[in-house]
Each structure stands twice: as C-alpha cells, then as structure tokens.
Amino acid sequence: MSADGRPTCLVLLGTLEPSEPLASTLAFLEWCRTAPDAPRVEVLALHPGTAADQVRALAPTTVVYDPQGWSLPRVAQRMGLQKPAAVLRALDLTRRLRVSGPVYVPDPEAGWFLHRLGAHAGPVVVHLHATSSGLQHVDPPDRQALVDRADRWIVGSDAMADVAAEAGADRSQVTELPDLLTLPGIGELDADFLATVRRELHERHGIPVDAALAVGVGNVDWWTVPDAFVRIAWETTRRTTGRDVHFLWVADGATERMLWPLRHDIRHAGLEDRVHIETGSRRPWNLIAAGDVLVSSRLGDHEPIGHREAALMERPVLWFDDPEAPEPLVDADHGTAVPHLDIDAMAAAVAEAVTGERAAPPGQDRFAPGTEAAAWLPAIGGPAIVDLLQRTR
Amino acid sequence: MNRPTLPHRSDRPELVFLSHAVDRSGPPIYLLHLLRWLTANTDVPTRVVSLNGGALEPEFRSLTRLQVLGEPNPIRVRRGSRPLTQARNAVRGARLRDLHPRSVLYINTAWSVRLMQYVPDHAGPVVAHVHELEVGLDYHLPPADTDRLFSRPDHWVAASAAVADNLAQRWGVPRDEILVHHEMIDVSAPTQVGGEEVAQLRRSIGAGPDALVVGTTAVVNWRKAPDLFVELAARVLRGVDRPDVHFAWVGVDERAPEITALRRDARRAGIADRLHLVPVSDRPEAWMRAFDLFVLPAREDAYPLAALEAAAAGRPVVCFDAGGMPEFVGSDAGAVVDFPDVDAMAAVVERLRAEPAVRRAMGDVARARVERHDVPVAAPRLWADLSGWIPR
C-alpha cells in the first residue's frame, strides 16, 4: 500500500525494447498514471532497451541487468567482484519481490522473476497479448513458474487462450481482452482536425491537394521496415490509376542516419517528389487517419496493432500475406492481403484502394463506450485489467 | 603470426599500398593482381600496410612485405577512451617509422584512409584510389576519415567513370584531376575450370543441364541488394508455367542476420527450392562457369570484379543503371535496366532464357570486352601513370 492509500501494483517485464505488446503495456501504464482510481505501479524489468525512457516516464522503474546503472550489485560487478555482485543482486531482488500487492506480468519473459516472488504477493495476472509470440520463446522452467504462480490470465485473442490452456492454465481463469491501443488525443479526431493535419502535410511536402495519400509507418531498419515501401511506390507510380498517389513514410523518431538508406533509394528511383518522410516520436494515428490507405510494406513480422488502429479509423490496410504471422486483427472489410513479395499485386491494391470515394473520418462517436472500437482504448481496457488485478484469489 | 619487426628505414622510396584488409573482397583482390604484375615487370620496392588480415595474407606475403597493423591489437581500449586510443595509435604508428619520407602512399579504397592516422606527417606523395560511390563515402565512412580522404591526396584514381563523377559532383574533386582506371582481373581463370567441376556445382543446387542458372556473387548487405535478388527470383518463377530457372547467391555468411530474412522471404514467396544461398567460395571462377547469366542487383557498385569474372567466363551481365557496371555492359554485353525496375530485369532474364542464341552472343561480347581488363593489359596502363608519381 502506498502513502496515498492506493494499492501498489508490481509490473514485471522482460526487456524494454520497443514491441507491440510493450506498446499496449505502455498504454496501460499511461492510463494508470492519470486515472484517479488506478493503482500505483512500479516496474521491474530484467533487461534494458530503447523504450526504457518511455517506461520510466510513466512509472518508477528498476532494471536488473542495466549496464548503465549504478546499483550496488552493478558497482560491485564493475569492480570485478562477480560473486559478491551476484549475491547482492539476489538479495536486492528478494527484497523487491517481497510484495503484498497485485503482480501484473504483461511479458511472459518476466516469468524468470516468479521463481523469486514472495509467498505473500497479491494476485498474479499473466497477460498474453494478441500481438506477442505467446510462450514460444520462454524457457521451460520460467513457463512453469508462470503457470504455477498465475491466478488469472488475460489473453488478447482466441489463439493466445489456446496457448495459455496448452501450457496448463485453467480455462475458467482466462479472460479475453483486446490489446490496448495508444491513441492519445483521439477525442480530437474529427473532420476539421483531420483536414488540418492533411493540409499541413500537403503544404510541408508539396503534395497536390487532390492527390491520394498512402501511408506507411515504422522505424527504419533495413529488412524490417520499410522493406518494400519504395518498390511499391515505384510500381504504383508507373501505373495509370487515374488518381495521383503520393506516399508518406512515418518513421517514429528516426535519425537522419537511419533514414539515409531510405532517402538513397527514393533519390535513385527518381521518387523525391512522390515519396515523403515524416519523423515523429509518438504513434502517428493522426497521420494514418489523414491518409487514404495504410500500406504495410513489412516483409517480416506484421504490426497488428498498427493495422487495427487504421481499421478502427476506417482506413483500409494492405499487407503481404504471411500464414506464419499472428492474426492481423483486421477483418476483411478493412484489409487486403496480397501474396508475399508480390509488388505488382500490392501496387494494384494501392491503386484500387484510392480510386473509390475516400471514407469519411470516423469521428469521436466511433469510440463511444459500448462500441467495438472502444474496447481497444485504455480508458475501457485499463479498468478491466485493474479489476482482474484487484479481485481476491 | 604477424610479429612486429624492428624498424629500419628503407633506403629508397617505396610504393606503399594501404589496404583495409587482405581478404577475398574486391579491392584486395585487385591489389593482389597489381602486385603480381609489379613484381614481375618492375623493380619498384613495394609494401602493403593493412588494417586487418584475411584469407589472402599468404599470397600477399609471397609477393611483398605485409604489415597488418590492426592485428594483434596492441592495446584493447573501451570506446571513447582517448588516452588509450592515442597510445594504441602510437604503438601502431611506431611500426611504420621505417617508411622512407618520400615513399608513395597508395590508399586502396576510401576505407584504408584510416591508416593515414598512423603516418600523419608523411611528406611523400599520396594517391587515393577510390572504389566507392555514395554508400561507401556518404554513409559508411566516418567523418574523421572523410576529412583525411579529401584533404591529403595529391593524385586521384577512380575505379570507374561513375566513381569519378561522384567524386567531382558530390565532393568537389576537380574532374580533370581524376584518372579512371577500371578494375583488373585474370581473364584466363575461368578457362582453366573443368567441365566436371561445373557440372558438379550445378548439381549441388539441383540444377540440371537444361536449367537456366541465374547467379551472382557478393557479400550479403543492403548495398548489394539481396532483397531485390529474391524479388527478381519471385517474379521470374511466379505463375503457372514455372520455368526451369535456379537463382544462386554465392558468398553467403550464414551468421549474417539478413540470411534469416532471405530464407524467410524465399519460403513465403514459395521459391525456397529455387533460391540457393551458397557460402563464400575460393573457386569463384568455377561458379561463373556454372551460371548461365550473371545478375548484379546492387543498389550501387563501382565496378565489381565479380561481374568482370562472369564476363571472362562468357556470361552476359544484367544490372541496374546504378554505379559503374553500365560502362562495361553497354547495350550488347547483357542489359542495363532502370533502378529499381525488377520487373524489367525479370523480363531480361526471361528473354535470355527463351533465346539461348542471344544469351550466348551477349556472352561472347562480354568475353571479348573483358580483355581490356586483363592484368597484362590494365596494369601497364596504371603503371604508366603511377610510375611518374614515384620520386627517384
């Protein structure tokens, strides 16, 4: 229990590298920070990552194996005292895990902590996001610890419910909740707001006002993203679609060096006036909403949350088919898959997506309580998670 | 093991080649060809100073004095530790104290300019032989090395006209001061490959005698564009009437993270049985004979030796209009298509599959044209310029 009387919930994470499941957890932490009825949260993570600052901004955070940290065990390790460092680390962990409040495990890799979790801890809730790889990469002893210590499971999809059940979870203790979407400022989403976003985009990049806009989203890391984006733009541009199509790549927080290969390809393909780049540090839902179609040019793992966000904002989503990937979270009305690496088919799909009448922006009522879309918002999903965390065993 | 030698000053100016490595990549192979010719045809004293070692170390040592400065690392330093870095550089620099002050320093590839930090006060002529284009100079070369490269050289040699144009247009080197000397190879190497070896290589990837083998050899990285190679294969093999075509990328390091992505794309595109990833080979000339057609999917390449080796084997070369290779291919030794028109490249592959006579004719043109890149032809041309820069 904290000084202000609110219960303290311990959130256990594996790595703090950006991922879709972590994005959902960040949305939950952000909601906890601002909602008056939410518990206080503290984060204990096993490994650092480039999203550490985002996590720290939302909750007090400790990283066990932080090479930059100045904890006592880390100082001992730096001095070359490996064994004392290990002992100090174990003592520190035991102290931190001697809790009485609820424990939320939104990352199965954090199952490692559960071997050391105190016996008097409150309810333990394990969350398998729809966008995660489930328990696939969890070491067997840690997987067993998850099953042994979990009082309840939250799953993001039917597939994850099966994963939990196969691992030994009691089906009656499994609750399905959608992954949380990070749509800050979604309340501002109306026709005027989007018109402003679109006008500013067009002015900034010299895009003709009547041109269609195909948007791609992601950081820049060759062979992860943007993959085939420039190729798709090139193929689309040389088709006669009847409508001028421009492409916008939104690179979250990318540096100029990260963007260099992308700019190189754009320049050498002669697409400088056709393919544009925006950088930003937050999930660019407003740019997706301002576009006509979301082109997921990734050849590797999909970004199902990104797909879902676009679909919730009535924007069609195009992606390369991949039977090995998690469920795309987009129904047939909102998305089209084309065969893997079939750039022609993707270009044709882009051309078709922008030929019709542009769908009206969804408007605030799309996310009103009780709607299908609302379940994805932290304001709805957050209390549902807290309810499970606070139920007595 | 590379033992440090006691410095003793050379009594006459040497031709000192600075190399980033002595491995099986293009510039060290080029340097090896040049050294063999210089050793056989001139009395100029030479030396090679390399930052790293590599598989060609014994061959270099058989021709000249080789100093590998980066190995063994005399002082291991944490990144950013300035005093230790300076101490390490001083140890490395001490090994070059015996350089004659009027020796010619020949920077073979922009990367090798890093070695100039060990001889900061060298008074002799400096030649920069640049094999890189935008990716090598703008993206990979650290700013400190860029400063060294564009502040010190007295003479410039470019590996192709594309390289010379890039140096002039983007870096302000006067174009008329840049000499273009295209790469050189031993054009006779493929003729010494036996038919059985070729047949065995084709069998190793499941290609029969009637199949078309489309190949390339390169390390796997973004510049070499293996992603476009997979897309090319997918385009050619897509459809109901799947042609009997195999695609082979020779030079794969299985430890490279991109390999997983390559295999994933091939699997998901349904072409895993036709896309072959072959490890680095010490018999590239045999692979060139095993290919029927050489494709160069690189986003840019100055003037790759591999394409010349393919031409020496009588194979046509298909590339993008990017880098220096179009200077060789022209309109008759293969085909040049716009970047990134993979569809056009696929159409060329399909045409050359369907018309073997055209393919053979283009291969013959390539074979004839590559003669000008034969070491006995190209090396004397370079020496004619180089010898004038060596102080007597």
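The rules behind these values
Residues numbered from 1 in each chain as written. Chains lettered and ligands numbered in written order. Predicted model: local features only at pLDDT ≥ 70, side-chain atom pairs only at ≥ 80, totals over all residues. Heavy atoms only, no water. Helix = DSSP H or I, 4+ residues; strand = E, 2+ residues; numbered from the N terminus. Buried < 20%, exposed > 50% of the residue type's maximum accessible area, 1.4 Å probe, protein only. Contact = heavy atoms within 4.5 Å. Buried area = accessible area lost by both parts, 1.4 Å probe. Salt bridge = Lys/Arg side-chain N within 4 Å of Asp/Glu carboxyl O. Disulfide = S-S within 2.5 Å. Pairing = 2+ DSSP bridges. Axes fitted to C-alpha atoms, helices over the stretch in contact; angles between N-to-C directions. Expected span 1.5 Å × (residues − 1). Bend = angle between axes of the 7 residues up to and from the residue. Phe/Tyr/Trp six-rings, centres within 6.5 Å; stacked < 30°, edge-to-face > 60°. pLDDT = per-residue confidence, 0-100. 1 Å grid on protein atoms, 1.4 Å probe; cavity = no way out; pocket = protein on both sides within 12 Å on 5 of 7 lines; lining within 4 Å. Points joined across faces, edges and corners; volume = space filled by probe spheres on them. Nonpolar A, V, L, I, M, F, W, Y, C, P; charged D, E, K, R; others polar. Parallel < 35°, antiparallel > 145°, perpendicular 65-115°, else oblique. Left-handed = near helix turned anticlockwise from the far one by under 90°.

As a rule of thumb, non-glycine residues mostly have phi less than zero, and peptide bonds are mostly trans rather than cis. Each neighbour pair has its own omega, and for phenylalanine 339 of chain B with proline 340 of chain B the value is 0°, a cis peptide bond. Looking at the element boundaries, proline 340 of chain B is found in the loop between strand 13 (334–337) and helix 13 (342–354). Of note in this structure, leucine 341 of chain A is not a glycine but carries a positive phi near 70°. By relative accessible area, leucine 341 of chain A is classed as buried at 3%. Of note in this structure, threonine 109 of chain B is not a glycine but carries a positive phi near 90°. You can see threonine 109 of chain B is positioned in the loop between strand 4 (104–108) and strand 5 (126–130). Among the residues examined, threonine 109 of chain B registers a relative accessible area of 2% and is labelled buried.

Before going further, it helps to spend a moment on the interface of chain B and chain A. Chain B puts 31 residues into the contact, and the matching count from chain A is 23 residues. Taking both sides of the interface into account, the surface hidden between chain B and chain A amounts to around 2700 Å²; carbon and sulfur atoms contribute 53%. Its largest share of buried area at the contact with chain A, chain B owes to Tyr139, Trp222 and Arg268 of chain B, together 28% of the area lost on that side. In this structure, the connection of chain B to chain A is made through 8 salt bridges.

Further remarks concern the state of the cysteines. If you walk through the whole model with that rule in mind, you get 0 disulfides over all chains. Here cysteine 32 of chain A stays free of any disulfide, with the sulfur of cysteine 9 of chain A as its closest cysteine sulfur at 7.0 Å.

Moving on to the sheet that holds strand 10 (residues 275–279) of chain B. Residues and elements named next belong to chain B. The strand order across the open sheet built from 6 strands is 10-9-8-11-12-13, with neighbouring strands paired in parallel fashion. The sheet terminates laterally at strand 10 and strand 13, the two strands that pair on one side only. When strand polarity is set aside, the average angle formed by the axes of neighbouring strands in this sheet is 20°. Note: strand 12 (residues 317–320) against strand 13, 4 bridges, orientation parallel. Paired with valine 318 across the two strands is alanine 335, which belongs to strand 13.

Two modes of strand pairing occur in sheets, parallel and antiparallel, and in both the strands are linked by backbone hydrogen bonds. Residues and elements named next belong to chain A. Strand order in the open sheet made by the 7 strands is 3-2-1-4-5-6-7, with parallel pairing throughout. In this open sheet, the two edge strands, each paired with only one partner strand, are strand 3 (61–63) and strand 7 (174–176). Averaged over all pairs of adjacent strands, the angle between strand axes in this sheet comes to 20°, irrespective of strand direction. One ladder, built from 3 bridges, connects strand 6 (residues 152–155) with strand 7; its direction is parallel. Paired with tryptophan 153 across the two strands is valine 174, which belongs to strand 7.

Take helix 10 (residues 256–268) of chain A next. All names here are of chain A. The end-to-end C-alpha distance of helix 10 is 17 Å, a good match for the 18 Å that 13 residues give at a rise of 1.5 Å each. Considering bend angle alone, the principal kink of helix 10 is centred on leucine 262 and spans about 30°. Buried within helix 10 we find Leu259, Trp260, Pro261, Leu262, His264, Asp265 and Ile266. Looking one or two residues beyond helix 10, the residue adopting positive phi is glycine 270, at roughly 70°.

Residues and elements named next belong to chain A. Tallied over the entire structure, the rule returns 15 aromatic pairs over all chains. Centroid distance phenylalanine 229 to phenylalanine 247: 5.7 Å. Interplanar angle 85°. Geometry classified as edge-to-face. With phenylalanine 229 in helix 9 (residues 229–237) and phenylalanine 247 in strand 9 (residues 245–252), this pair connects stretches of sequence that are 18 residues apart. The pair formed by phenylalanine 229 and phenylalanine 247 is uniform in burial state, with each residue classed as buried.

Quick look at the confidence of the model for chain A now. For chain A, mean pLDDT is 84; residues scoring 70 or higher make up 84% of the total. Per-element averaging of pLDDT across chain A places helix 12 (residues 304–312) of chain A at the bottom with 74 and strand 4 (residues 103–105) of chain A at the top with 97.

A complete count under the given rule lists 48 salt bridges over all chains for this structure. Salt-bridge contacts for arginine 170 of chain B lead to aspartate 138 of chain B; the nearest nitrogen and oxygen are separated by 2.4 Å. Within this pair, whereas arginine 170 of chain B is found in helix 6 (residues 161–171), its partner aspartate 138 of chain B is found in helix 4 (residues 134–140), the two being separated by 32 residues in sequence. Residue class for aspartate 138 of chain B comes out partly exposed when judged on its relative accessible area of 25%. Salt-bridge contacts for glutamate 350 of chain B lead to arginine 353 of chain B; the nearest nitrogen and oxygen are separated by 2.9 Å. Separated by 3 residues within a single helix, glutamate 350 of chain B and arginine 353 of chain B lie in helix 13, roughly one turn from each other. Through salt bridges that share partners, Arg231, Glu235, Arg238, Arg239 and Asp344 of chain A together with Glu231, Arg235, Asp341 and Asp343 of chain B make up one connected network.

Now for the environment of serine 331 of chain B. Residue and element names in this part refer to chain B. With respect to the helices and strands, the residue serine 331 is situated in the loop between helix 12 (325–329) and strand 13. Judged by relative accessible area, serine 331 falls into the exposed class, the value being 66%. In this structure the C-alpha to C-alpha distance between serine 331 and glycine 215, which are 116 residues apart in sequence, comes to 20 Å.

A word on empty space enclosed by the protein. Here the idea is plain: a probe the size of a water molecule rolls over the atoms and shows the empty space left. Considering all chains together, one arrives at 3 cavities of 30 Å³ or more under this definition. Roughly 50 Å³ of internal volume is contained in the second largest cavity. Considering the residues around the second largest cavity, the lining is formed by Asp227, Val230, Arg231 and Asp265 of chain A together with Leu228, Arg299, Phe339 and Pro340 of chain B. The residue inventory of the lining of the second largest cavity, partitioned by class, reads 4 nonpolar, no polar and 4 charged.

Right, let's get into the packing of helix 8 (residues 226–237) of chain B against helix 13 of chain B. Residue and element names in this part refer to chain B. Where helix 8 contacts helix 13, the axes come no closer than 9 Å and their chain directions differ by 55°. Here helix 8 lies oblique to helix 13, going by the angle between them. When you trace helix 8 past helix 13, the crossing you get is right-handed. Where helix 8 approaches helix 13, its residues Leu228, Glu231, Leu232, Arg235 and Val236 are matched on the opposing element by Val342, Asp343, Met345, Ala346 and Val349. Partitioned by chemical class, the residues of the contact of helix 8 with helix 13 number 7 nonpolar, no polar and 3 charged.

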